[in-house]
Protein chains: 2
Amino acid sequence: MAPQTVGLLHPGEMGVAVGAVLRDRGYPLVWASAERSEDTHGRAEAAGFDDAGSISELVRRSDVILSVCPPHAALEVAASVPGFEGVFVDANAIAPATARDVAAVVEAEGAECVDGGIVGPPPREPGTTRLYLSGPAAPSVAELFAGSVVDARVVSDEVGAASAVKMAYAAWTKGTAALLLAIHDLARAEGVEQALVEEWRLSLSQLPDRLECAARSAQVKGWRWVGEMEEIASTFAAAGLPDGFHLAAADVFRASSAEPQRK
Amino acid sequence: MAPQTVGLLHPGEMGVAVGAVLRDRGYPLVWASAERSEDTHGRAEAAGFDDAGSISELVRRSDVILSVCPPHAALEVAASVPGFEGVFVDANAIAPATARDVAAVVEAEGAECVDGGIVGPPPREPGTTRLYLSGPAAPSVAELFAGSVVDARVVSDEVGAASAVKMAYAAWTKGTAALLLAIHDLARAEGVEQALVEEWRLSLSQLPDRLECAARSAQVKGWRWVGEMEEIASTFAAAGLPDGFHLAAADVFRASSAEPQRK
């Protein structure tokens, strides 16, 4: 039996790294260059992926389609593969309810939907990155990654569960990054930055480094995290929990990425 | 010259510990038993403080008055010492704007106001607890604690600065405790608690312990933290920063302390 062909929509840094793992395991990897940016072209070429040209050709050739994109684009990307009847894996940082919307869209076309959530950096070595999966076809997707540097874990057979793991995880990592940036802004506004940082050095000694790291990441990736924070906020609200932490975090990242000279 | 007499309003766990430090340094320590609870009586008696009986007698006998109370009561406590013309130290977890309101109230009576903020547990050994102070008379209050287990630090000569340090500090410690409790509730609501905790053990290994600690503290002290979170939220808002983190945190602590069987 020929190995399944995997179609990748649309290769950003994370998507390319995940796709490269599958290609290294022997799966033909295709992407579609139509309407993609020069950056995306460069990444896909460098990774040696096959260019299907159009999305419709990618759909025709793929057994499995992998969507790894900014959260606000997830639903639109799912709607861009009409007629696909294979396994559609949405590996985006979206709310469980959004994942269920994605499933409804692709299942209406005859595909099976697997919900995914990636925790960790673009996978290049073992132990850094988990791919949480849920939905009836989740085990078949986990199988694609068996023995690779991506630790694929099936959470449950329900679409939404893998996204819930991702939302709850990022609620802490990115929520606290935003909080720390806001606290630093507060201390500066009140003229007590020095006293605060000195207190941190005494009793919360990891915070100065964490602040620096948060500021750097927010400047580069903040624009993409705004949508992720909004997805987390709606996840909290849907569970009857306060959405204010992550709506505030969205505001912080919106402001950070609008201030490229931030230090 | 006789040592200054210190009046303590109203001796909770923190207030008693701070008062005991001053008594051990030789300052006469008085409190006022009128209208106080049995618990407060017990703590003040055990600490060996002198009972002035009424607040008016405490005012008459004190050179310095120390207010250590839940944040929502700070302004009312400041208004309870008419005619006091000594140094009034507000060491509560309140917004800089609230500290300025406290100063206006006591200064109208002829007192000098020193803004204070305590970081750390009730002081019993060196190195654990800082008392941030600000306002023109802050150095004289720092002097009272010289060489004691309370590390008293003058932040600036402006009332509000010490409170700003406290707000910015607690914004992290208690804000993240609330966030963690909310994330745990989310993971339970979505049925992914086990997957999340397992992921934490791999990549954020301190979080399971931190969650347990947050749940325990919130159950005991959450009722008092609601007011503190509201003060922090208004501190952020006054600086033009998002107040949503700590309004959400107030909701979390309100719910935690309403659920005494929480685990």
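Scoring rules and cut-offs
- Residues numbered from 1 in each chain as written.
- Chains lettered and ligands numbered in written order.
- Predicted model: local features only at pLDDT ≥ 70, side-chain atom pairs only at ≥ 80, totals over all residues.
- Core = buried A, V, L, I, M, F, W, Y, C linked by C-beta atoms within 7 Å.
- Buried ≥ 20, exposed ≤ 12 C-beta atoms within 10 Å, placed from the backbone.
- Contact = placed C-beta atoms within 7 Å.
- Domains from an automatic or database assignment.
- Helix = DSSP H or I, 4+ residues; strand = E, 2+ residues; numbered from the N terminus.
- Nonpolar A, V, L, I, M, F, W, Y, C, P; charged D, E, K, R; others polar.
- Pairing = 2+ DSSP bridges.
- Axes fitted to C-alpha atoms, helices over the stretch in contact; angles between N-to-C directions.
- Parallel < 35°, antiparallel > 145°, perpendicular 65-115°, else oblique.
- Left-handed = near helix turned anticlockwise from the far one by under 90°.

Turning next to the nonpolar core. Counting residues in hydrophobic clusters, the biggest one holds 196 residues, and the most contacted among them are Val165 and Ala168 of chain A together with Val165 and Ala168 of chain B. Excluding residues that lie within four positions of it along the chain, alanine 168 of chain B makes contacts with Ile183, Leu186, Ala187, Val192 and Leu196 of chain A.

All names here are of chain A. Annotation of chain A at the domain level lists domain 1 (6–157) and domain 2 (165–257). Computed from C-alpha coordinates alone, the two centres of domain 1 and domain 2 are separated by 28 Å. At the interface, 13 residues of domain 1 touch 12 residues of domain 2. Counting only elements with at least two residues in the side of domain 1 that touches domain 2, the list comes to α5 (96–108) and β6 (112–119). Sorting elements by how many residues they give to the side of domain 1 that touches domain 2 places α5 first, with three residues. By residue class, the composition of the side of domain 1 that touches domain 2 is 10 nonpolar, three polar and no charged.

For the rest of this paragraph, the subject is the interface of chain A and chain B. Counting from both sides, the interface comprises 42 residues of chain A and, opposite them, 42 residues of chain B. Ranked by the residues each element gives to the side of chain A that touches chain B, the list is headed by helix α7 (residues 161–189) of chain A, at 17 residues. For the side of chain A that touches chain B, the class distribution of residues is 30 nonpolar, seven polar and five charged.

Further remarks concern the sheet that holds strand β8 (residues 150–156) of chain A. Where strands meet in a sheet, backbone hydrogen bonds hold them as pairs that are either parallel or antiparallel. Residues and elements named next belong to chain A. Taken in spatial order, the eight strands of this open sheet run β3-β2-β1-β4-β5-β6-β7-β8, and their pairing is mixed. The open sheet is flanked by β3 (50–51) and β8, the only strands paired with a single partner. When strand β5 (residues 87–90) meets β6, the two strands line up parallel, connected through four bridges. Bridge pairing in β6 links valine 87 to glutamate 112. Together, β5 and β6 form the strand contacts of α5, whose direction differs from that of β6 by roughly 145°.

A few words now on the sheet that holds strand β8 (residues 150–156) of chain B. Residue and element names in this part refer to chain B. Within the open sheet, the eight strands sit side by side as β3-β2-β1-β4-β5-β6-β7-β8. Their pairing is mixed. The open sheet terminates on both sides in strands that have one partner only, identified here as β3 (50–51) and β8. When strand β1 (residues 6–9) meets strand β2 (residues 29–31), the two strands line up parallel, connected through two bridges. Bridge assignment links glycine 7 to a residue of β2, and that residue is valine 30.

Glancing now at the packing of helix α7 (residues 161–189) of chain B against helix α10 (residues 244–257) of chain B. Between two packed helices, the angle of one axis relative to the other and the distance separating the axes together describe the packing. All names here are of chain B. Put simply, α7 and α10 touch, their axes get as near as 9 Å, and they point 60° apart. Overall, the two elements α7 and α10 adopt an arrangement that is oblique. In the crossing of α7 with α10, the sense of the turn from one axis to the other is left-handed. Where α7 approaches α10, its residues Ala171, Lys174, Gly175, Ala178, Leu181 and Ala182 are matched on the opposing element by Phe245, His246, Ala248, Ala249, Val252, Phe253 and Ser256.

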